[in-house]
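# Observations on chain architecture
One letter stands for each residue in the lines below.
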Amino acid sequence: MSSKTLRVAVIPGDGIGTEVMPWGVKCLQATAKVFNISIEFEHFDFASCEYYQKHGDMMPANWKEQLIGFDAIYFGAVGMPNLVPDDVSLWGSLLKFRREFDQYVNLRPCRLMPGVKCPLAGKKPGDIDFWIVRENTEGEYSSIGGKMFEGTDREVVIQETVMSRVGVDRILRYAFELAKSRPRKRLTSATKSNGISITMPYWDGRVSEMHKNYPEINLDKYHIDILTAHFVGRPEIFDVIVGSNLFGDILSDLGPACTGTIAIAPSANINPEGKFPSLFEPVHGSAPDIVGKNLANPIGMIWAGQMLLQHFGHTEAADALLKAIERILERSEASVLTPDMGGMGTTQALGEAIEREILSLA
Ligand code: NAI
Ligand code: MG
């Protein structure tokens, strides 16, 4: 891959976002050092409730100009519901990034890691290892609709699903390409064309059409209801799964939940063309209940950094960082693992262990 400098905007946000971010950056710096990758970090204090309290807004008016030149945004978490209502903090920051930077792919790995207790009986590492590709800009989450006769017996509410050919095709192309890059070359499409009889058959039709460009991919489709059951019962059948905004949203929480603690799960919001920065973040939120206690598990944040390296083609470095995380989990030292994983360790102890592991490769 190119040796160009990766420019990363670091936005820790709120709560434990500010506690796990330093370890994310340190592990990325360590990996960059070992693999000779040039990364430049710039820190921003906006997109946080503290910023809101000082300035009356989550972000400065020129946030877009400030961020647009970066390759990536490395994001912690946002939200402090006792200070600012969640809809204000989330819509005023993270959701603006996703929409205005056209991050139309939401990507999440679901991987059962060694040393992590799986909530599904009898599953071992290797049994669960798949990707969820969620359409992130349209579908069921549209702003088309309205209310009539509000407050009367005739009250009516309507919200329309929007599927555009451009929007559906681009997410499918991304999913087929991802499946093509994987050894199993298998793609599963989430549908519900037996119940939702206009948009979902359209989705299915675009899937079949796109499949013609990827004859080497094993394609199947399941209705969303039985698909969720298979996540729990037979997760080993999956490789890459693609879904509309709503179905993808549900699957992308269920998937990581099937592999243990959400504190270790990462997520990427990607603009594949690189016209805008892509955003890499842990799945978890700001966890106000454990803030300030040095108990937050930094793995979700660090793993999100691993996805960043992967996205920009630094495959060898990304594989090594994932391996480092795996080795620390496999060792399962109680003094290192954080309490959410049954240990007695701290954010610092776990972050340092992974940083040391990656530096030991130098
Ligand atoms: P949360 O993910 O912050 O916490 C849920 C539970 O998991 C809590 O008990 C917390 O202590 C635990 N937890 C989460 N991350 C952990 C970690 N790294 N290590 C150890 N334990 C961890 O979700 P919650 O409580 O629903 O939301 C709290 C705030 O975060 C809200 O303001 C919410 O809007 C926001 N939020 C932000 C997200 C984002 O920035 N992408 C995503 C989810 C929630
Ligand atoms: Mg969700």
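Note that this is a predicted model, so its numbers are computed, not measured. (Residues numbered from 1 in each chain as written. Chains lettered and ligands numbered in written order. Predicted model: local features only at pLDDT ≥ 70, side-chain atom pairs only at ≥ 80, totals over all residues.)

### A word on the pairing of strand β2 (residues 39–43)
Each regular strand carries side chains that alternate between the two faces of the sheet. For clarity, the threshold we go by: Only strands joined by at least two bridges in the DSSP assignment are considered to pair. Numbering goes from the N terminus for both helices and strands, where a helix is a DSSP run of H or I of at least four residues and a strand is a run of E of at least two. Clockwise travel from the first strand over the helix to the second, with the strands pointing away from the viewer, marks a crossover as right-handed.
Here 5 bridges tie strand β1 (residues 6–13) to β2, and the two strands are oriented parallel to one another. The partner of A9 across the bridge, within β2, is E42. As for the winding sense of the linkage, the β-α-β connection from β1 through helix α1 (residues 17–34) to β2 is right-handed.

### Some points on the UniProt feature "domain: Isopropylmalate dehydrogenase-like" (unreviewed entry) in the protein
The line we're drawing: UniProt positions are given in the numbering used here, feature names are shortened, and annotations may be inferred rather than shown by experiment.
Cross-referencing UniProt, the feature "domain: Isopropylmalate dehydrogenase-like" (unreviewed entry) maps to residues 7–354 in the present numbering. What you have in residues 7–354 is 39% helix and 19% strand, and the ends, taken at the C-alpha atoms, are 23 Å apart.

### Here we look at the packing of α1 against helix α10 (residues 299–311)
Quick note on the threshold: Orientation is described by lines fitted to C-alpha atoms, with helices fitted over the stretch in contact, and by angles between N-to-C directions that extend from 0 to 180 degrees. Angular relationships are summarised with four words: roughly parallel below 35 degrees, roughly antiparallel beyond 145, roughly perpendicular across 65 to 115, and oblique for the angles in between. For a crossing to be left-handed, the near helix must be turned anticlockwise from the far one by less than a right angle; the clockwise case is right-handed. We call two residues in contact whenever the C-beta atoms placed from their backbones are within 7 Å. Side-chain classes follow a simple rule in which Ala, Val, Leu, Ile, Met, Phe, Trp, Tyr, Cys and Pro form the nonpolar group, Asp, Glu, Lys and Arg form the charged group, and the remainder, Gly included, forms the polar group.
The N-to-C vectors of α1 and α10 enclose an angle of 40°; their axes lie 8 Å apart at closest approach. For the element pair α1 / α10, the angle class is oblique. In the packing of α1 onto α10, the handedness of the crossing is right-handed. Along the contact surface, α1 presents V20, M21, W23, G24, C27, L28 and T31, while α10 presents M301, I302, A304, G305 and L309. Residues belonging to the contact of α1 with α10 are distributed by class as follows: 9 nonpolar, 3 polar and no charged.

### Comments concerning the site of ligand 1
Stated formally: Defining nearness, a residue is near a molecule or strand when the C-beta atom obtained from its backbone falls within 6 Å of it.
Taken together, 22 residues sit near ligand 1, with G79, A263, H284, G285 and N297 positioned nearest. Within the shell around ligand 1, the residues separate by chemical class into 11 nonpolar, 7 polar and 4 charged.

### Regarding helix α12 (residues 347–359)
Inclusion rule: Each helix should span, by expectation, one fewer than its residue count multiplied by 1.5 Å. A residue is called partly exposed when the number of other C-beta atoms within 10 Å of its own lies between 12 and 20, exposed at 12 or fewer, and buried at 20 or more, with C-beta atoms placed from the backbone.
Here α12 spans 18 Å end to end across 13 residues, near enough to the 18 Å set by a 1.5 Å rise per residue. Within the sequence span of α12, burial applies to T347, L350, G351, A353, I354, E355, E357 and I358.

### Here's the deal with the sheet that holds strand β8 (residues 186–191)
The strand order β2-β1-β3-β12-β11-β4-β5-β10-β8-β9 describes an open sheet built from 10 strands, whose pairing is mixed. The sheet terminates laterally at β2 and β9 (218–223), the two strands that pair on one side only. The sheet shows a mean angle of 20° between the axes of neighbouring strands, direction not considered. Strands in contact with helix α7 (residues 199–211) are β8 and β9; relative to β8, the strand with the most contacts, it is inclined by about 165°. Lying over the sheet, α10 contacts β3 (72–77), β11 (266–270) and β12 (278–282), oriented at roughly 155° with respect to β12.

### Focus on α10
Between its first and last C-alpha, α10 extends 18 Å over 13 residues, near the 18 Å set by a 1.5 Å rise per residue. The element α10 is extensively covered by neighbouring structure, given that 11 of its 13 residues are classed as buried. Among the residues of α10, those classed as buried are I299, G300, M301, I302, W303, A304, G305, Q306, M307, L308 and L309. Positive backbone phi, approximately 85°, marks G313, located one or two places after α10.

### A short note on the domain arrangement of the protein
Cut-off, in case you're wondering: Either an automatic procedure or a domain database provided the assignment from which the domain bounds are taken.
Looking at the protein, the domain boundaries give domain 1 (1–111 + 265–362) and domain 2 (129–258). Between domain 1 and domain 2, the C-alpha centre-to-centre distance is 26 Å. Counting from both sides, the interface comprises 16 residues of domain 1 and, opposite them, 17 residues of domain 2. At the level of elements, α5 (94–100) and β4 (105–111) are the ones that each hand at least two residues to the side of domain 1 that touches domain 2. A class-by-class count of the residues in the side of domain 1 that touches domain 2 yields 8 nonpolar, 3 polar and 5 charged.

### Quick look at the environment of A30
Looking at the secondary structure, you find A30 in helix α1. Using a count of 21 C-beta atoms within 10 Å as the deciding quantity, one classes A30 as buried. Sequence-wise, A30 and L361 are 331 residues apart; in three dimensions their C-alpha atoms are separated by 9.9 Å.

### Section: unusual backbone geometry
Peptide bonds are, in most cases, trans, and in most cases residues other than glycine have a negative phi. The backbone phi angle of K185 is positive, close to 50°, even though this residue is not glycine. Inspection of the secondary structure assignment puts K185 in the loop between α6 (165–180) and β8. K185 gets classed as partly exposed once you count the C-beta atoms within 10 Å, which come to 16. Its identity is not glycine, yet A287 carries a phi of approximately 45°, on the positive side. Residue placement: A287 occurs in the loop between β12 and α10.

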